[in-house]
Amino acid sequence: MRDAQLIETTQELNRHIVNLLDSLSALYGLTDISIRNLDETQLLRQALEALMSNQDMERCSIFLLDEANLLTVAAGLDWHEMLWNITRSDEAIPRQARKKTQFRLGEGILGRAAESRNIEHCRSCADDPQFKKAGVDGEGINENPVQGSLLCVPIICEEQVLGVVNVYYPEPDFFNMWHERLLLLFCKMLGRLLTSHRFVHQLDTLVDLQTQDLTRMNDHLRVERELLKESAASLRAILDNSPYLAWLKDAQGRYLKANKAFVDYARLEGIPQVIGKTDFDLWPKELAEKYRTDDAEVMALLRQKHVEELSFDGSKEHWVETFKTPVIDENGNVLGTTGFARDITERKEFEEELKRSNAELEQFSYAISHDMRQPLRMISSYLQLLEKSLAGQLDNEKCGYFGFAIEGAKRIDQMLVALLEYSRMGRIGESPTWVDSRAALDEALQFLQPAIAEAQAKLEISGDWPRLLVSHDEILRLLQNLIGNAAKYRVAGRIPEITISSKIVNNEWHLCVADNGVGIIPGQIKRLFQVFQRLQSRDAYEGTGIGLALCRKIAEHHKGRIWAESAGEGQGSRFYVVLPVS
């Protein structure tokens, strides 16, 4: 009896040892799976192969939770009907062969295992009402229920349910404690393996994306580097071929860059001799101190400085025009200064010559004003005396000759006065002052009141009228000429309508004087602003033909512009003046 018990005990122990070795073999198979070279489906299939290689299981499958929180079949072995469902569309599967491949949490033995996080053991599928309720045959309870037993174990890693391992054997009450312990360890290791696989593949994906980004960035940087080289070469070519001296200094006054013109002016052999030097290394002490003072001022005030000054290059003095500008980074820090300079000796000499020419022109204007007008007045006076002395001796034709001669002398005198006024405009005038443009308009209208009343003109004034830094007399003359012309050049039988508008656009004063008068042939507009150019006959409209030329000169003297527009004869005109607003 004792021998029989010993044999039975020995056999039981051998079975446990075999089960243990089989379990160890299955678990060891998991450690031999690569998580980098397989996709998730291949990994799960190899895991099932490791589990079933030494175990008595006919069917084994893995269900994983998807994004919709549904348990969806992911891998299976020896369950051909189930695999059929995975690899074929529903239309290609016979209705009686279709199996359910998705479960909600809590639904069926798989859903209960995932929801409870515990092992669910169905010892007899045919007798378990919960198993039948799951509807594994697709149509609810089947007349020929599944025979056998099931064991469902949740796959958990770091408190997160990833899915369920489902094993099946066609006989009831097949699975024992060894199977449960094996599957618990298997699912624990599979959970870590699956999590590691997903993590590694996420890292691989991120690495691939980062690699792609870095590749694109490197390509972009390569292109930018080539463009920068080309830009630097182009800039160097421009600077080295420019007659302007150009340089760049740091905040301590050391030269960082310079062009060929600078090197030649400093009488150096090459650009490397400039780099790292200061003004005290290149120029006389007095000039160097002045340059450093200018640099300090530019960096302190954070604005450009324009200087015209005498400079000495070692042989003679030159006039030099210099522009110095602070160099500021994106954070507002002053890094140094940059500058451009050019020799303006010829310009200064020309300016001196221009001053002498203006002085001569002033003398010429004085001569016109006095020396030439005096003989004209004498001619006119003696002609009048001669006409009186010969009264009664001359017929009407000869009296007309005297009238023509006297009128011609007067007209020449008027033209000389206008020419004198034109030559003096902008050269000998008052200093600019702040003038209320509307007050200037009212003053001009006061002077023009007799002409406006005679023409019975209608005036319309609108817009914004700013204060201007201008010559008061010149602006007054401009307004008088434009408005006076609008009243004078009217169409007979038509009431003159004059519109005067003003507005500010982009720091500029825009004035428009529009009328419904005689208009201008578009092709003749260019002649309007030239001296002594008349578009209307002298018999019809009086004048010297210099008023609009004066307007052009006044606008240009104030760094502005003037132009006219018209649709044609009898269509009226519009005169525009634009002056900067300080």
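Predicted, not measured: the structure shown is a model, and the values here were computed from it.

Quick notes on the rules
Residues numbered from 1 in each chain as written. Predicted model: local features only at pLDDT ≥ 70, side-chain atom pairs only at ≥ 80, totals over all residues. Heavy atoms only, no water. 1 Å grid on protein atoms, 1.4 Å probe; cavity = no way out; pocket = protein on both sides within 12 Å on 5 of 7 lines; lining within 4 Å. Points joined across faces, edges and corners; volume = space filled by probe spheres on them. Helix = DSSP H or I, 4+ residues; strand = E, 2+ residues; numbered from the N terminus. Nonpolar A, V, L, I, M, F, W, Y, C, P; charged D, E, K, R; others polar. Pairing = 2+ DSSP bridges. Axes fitted to C-alpha atoms, helices over the stretch in contact; angles between N-to-C directions. Contact = heavy atoms within 4.5 Å. Salt bridge = Lys/Arg side-chain N within 4 Å of Asp/Glu carboxyl O. Buried < 20%, exposed > 50% of the residue type's maximum accessible area, 1.4 Å probe, protein only. Patch = residues over 30% accessible without salt bridge, like charges linked within 9 Å, V, L, I, M, F, W, Y side chains within 5 Å. Areas by Shrake-Rupley, 256 points an atom, 1.4 Å probe, with all protein chains shown as cover. Phe/Tyr/Trp six-rings, centres within 6.5 Å; stacked < 30°, edge-to-face > 60°. Lys NZ or Arg CZ within 6 Å of the ring centre and 35° of its normal. Parallel < 35°, antiparallel > 145°, perpendicular 65-115°, else oblique. Left-handed = near helix turned anticlockwise from the far one by under 90°. Core = buried A, V, L, I, M, F, W, Y, C linked by side-chain atoms within 4.5 Å.

Visitor: Please provide a residue-by-residue account of empty space enclosed by the protein, values included.
Guide: Taken as a whole and assessed by the stated rule, the structure comprises 2 cavities of 30 Å³ or more. If you add up the space inside the largest cavity, you get close to 200 Å³. Every residue lining the largest cavity is counted, 17 residues in all, and those nearest its centre are Leu245, Trp247, Trp283, Tyr291 and Ala341. Counting only elements with at least two residues in the lining of the largest cavity, the list comes to strand E7 (245-250), helix H7 (260-265), strand E9 (305-312), strand E10 (317-328) and strand E11 (334-343). Its residues assigned to classes, the lining of the largest cavity comprises 9 nonpolar, 2 polar and 6 charged.

Visitor: Could you give me a rundown of the sheet that holds strand E2 (residues 70-77), with the residues and numbers involved?
Guide: The sheet built from 6 strands is open, its strands ordered E3-E2-E1-E6-E5-E4 with antiparallel pairing. The open sheet has two edge strands, strand E3 (102-104) and strand E4 (120-122), and neither has a second partner. Neighbour-to-neighbour, the strand axes of the sheet open up by a mean angle of 25°, direction not taken into account. Note: E2 against E3, 3 bridges, orientation antiparallel. Paired with leucine 70 across the bridge in E3 is arginine 104. Strand contacts of helix H2 (residues 40-52): strand E1 (59-65), E2 and strand E6 (160-169), with the helix running at about 60° to E2, the strand carrying the most contacts. Seen against the sheet, helix H4 (residues 108-116) touches E1, E2, E3, E4, strand E5 (149-157) and E6 and runs at an angle of roughly 155° to E4.

Visitor: Any chance you could break down the pattern of salt bridges for me, citing the residues and the numbers?
Guide: This model, assessed by the stated rule, comprises 25 salt bridges. Salt-bridge contacts for lysine 249 lead to aspartate 295; the nearest nitrogen and oxygen are separated by 2.8 Å. One end of the pair, lysine 249, is in strand E7; the other, aspartate 295, is in helix H9 (residues 285-301), with 46 residues separating them in the sequence. Among the residues examined, lysine 249 registers a relative accessible area of 2% and is labelled buried. The exposure class of aspartate 295 is buried, given its relative accessible area of 1%. When the shortest N-O distance is used, the salt bridge between glutamate 321 and arginine 342 registers 2.7 Å. A residue pair is termed long-range when its members are at least 10 positions apart, and glutamate 321 in strand E10 and arginine 342 in strand E11 qualify at 21 residues. For glutamate 321, a relative accessible area of 5% puts it in the buried group. Among the charged side chains, a network of salt bridges with common partners joins Glu308, Glu321, Arg342, Arg347, Lys348 and Glu351.

Visitor: Could you give an account of a nonpolar patch on the surface, naming the residues involved and the relevant values?
Guide: Nonpolar side chains collect at one region of the surface, where Phe199, Leu203, Leu206 and Leu209 lie side by side and expose about 380 Å² of accessible area between them. Position of leucine 203 among the secondary structure elements: in helix H6 (residues 177-240).

Visitor: Let's hear about the packing of aromatic side chains: which residues, and what values?
Guide: Inspection of every chain in the model, using the stated rule, returns 10 aromatic pairs. Measuring from centroid to centroid gives 3.7 Å for tyrosine 169 and phenylalanine 174, while their planes differ by 15°, and the two rings are stacked. By the burial criterion, tyrosine 169 is buried, and phenylalanine 174 matches it. Geometrically, the ring pair formed by phenylalanine 174 and phenylalanine 175 is edge-to-face, given 5.1 Å between the ring centres and 80° between the ring planes. Phenylalanine 175 carries the same exposure label as phenylalanine 174, and that label is buried. Over the ring of tryptophan 319 we find lysine 348; its NZ or CZ atom is 4.7 Å from the centre of that ring.

Visitor: Talk me through the sheet that holds strand E17 (residues 561-565); I want residue IDs and the actual numbers.
Guide: Taken together, the 5 strands give an open sheet; going across it, the order is E13-E15-E16-E18-E17, and neighbouring strands pair in mixed fashion. The two strands at the open ends of the sheet, each matched to only one other strand, are strand E13 (458-463) and E17. Ignoring strand direction, the axes of neighbouring strands in this sheet form an average angle of 15°. Note: strand E16 (residues 508-515) against strand E18 (residues 573-580), 8 bridges, orientation antiparallel. Residue valine 513 lies in a different strand from E18, and its bridge partner there is phenylalanine 575. Contacting E13, strand E15 (497-505) and E16, helix H12 (residues 437-447) crosses the sheet at an angle of about 170° to E13.

Visitor: Can you lay out the packing of helix H14 (residues 472-488) against helix H15 (residues 547-557) for me, pointing to particular residues and giving the numbers?
Guide: Where H14 contacts H15, the two axes come as close as 9 Å, and the packing angle between them is 140°. What the angle tells us is that H14 and H15 run oblique. Considering how the two elements wind past one another, H14 and H15 form a crossing that is left-handed. Residues Glu474, Arg477, Leu478, Asn481, Leu482 and Asn485 of H14 form the contact with H15, whose own contacting residues are Gly547, Leu548, Leu550, Cys551, Ile554 and His557. Of the residues belonging to the contact of H14 with H15, the class tally is 6 nonpolar, 4 polar and 2 charged.

Visitor: Describe in detail the nonpolar core, supporting the description with residues and values.
Guide: The biggest cluster of nonpolar side chains holds 37 residues, and the ones touching the most others in it are Leu482, Ile500, Leu511 and Val513. Not counting residues within four places of it along the chain, the set of residues in contact with isoleucine 500 comprises Leu441, Leu459, Glu460, Ile461, Ser462, Trp465, Ile483, Leu511, Cys512 and Val513. Counting 28 residues, the second-largest nonpolar core is a separate cluster that includes Leu51, Leu151, Val167 and Leu190.

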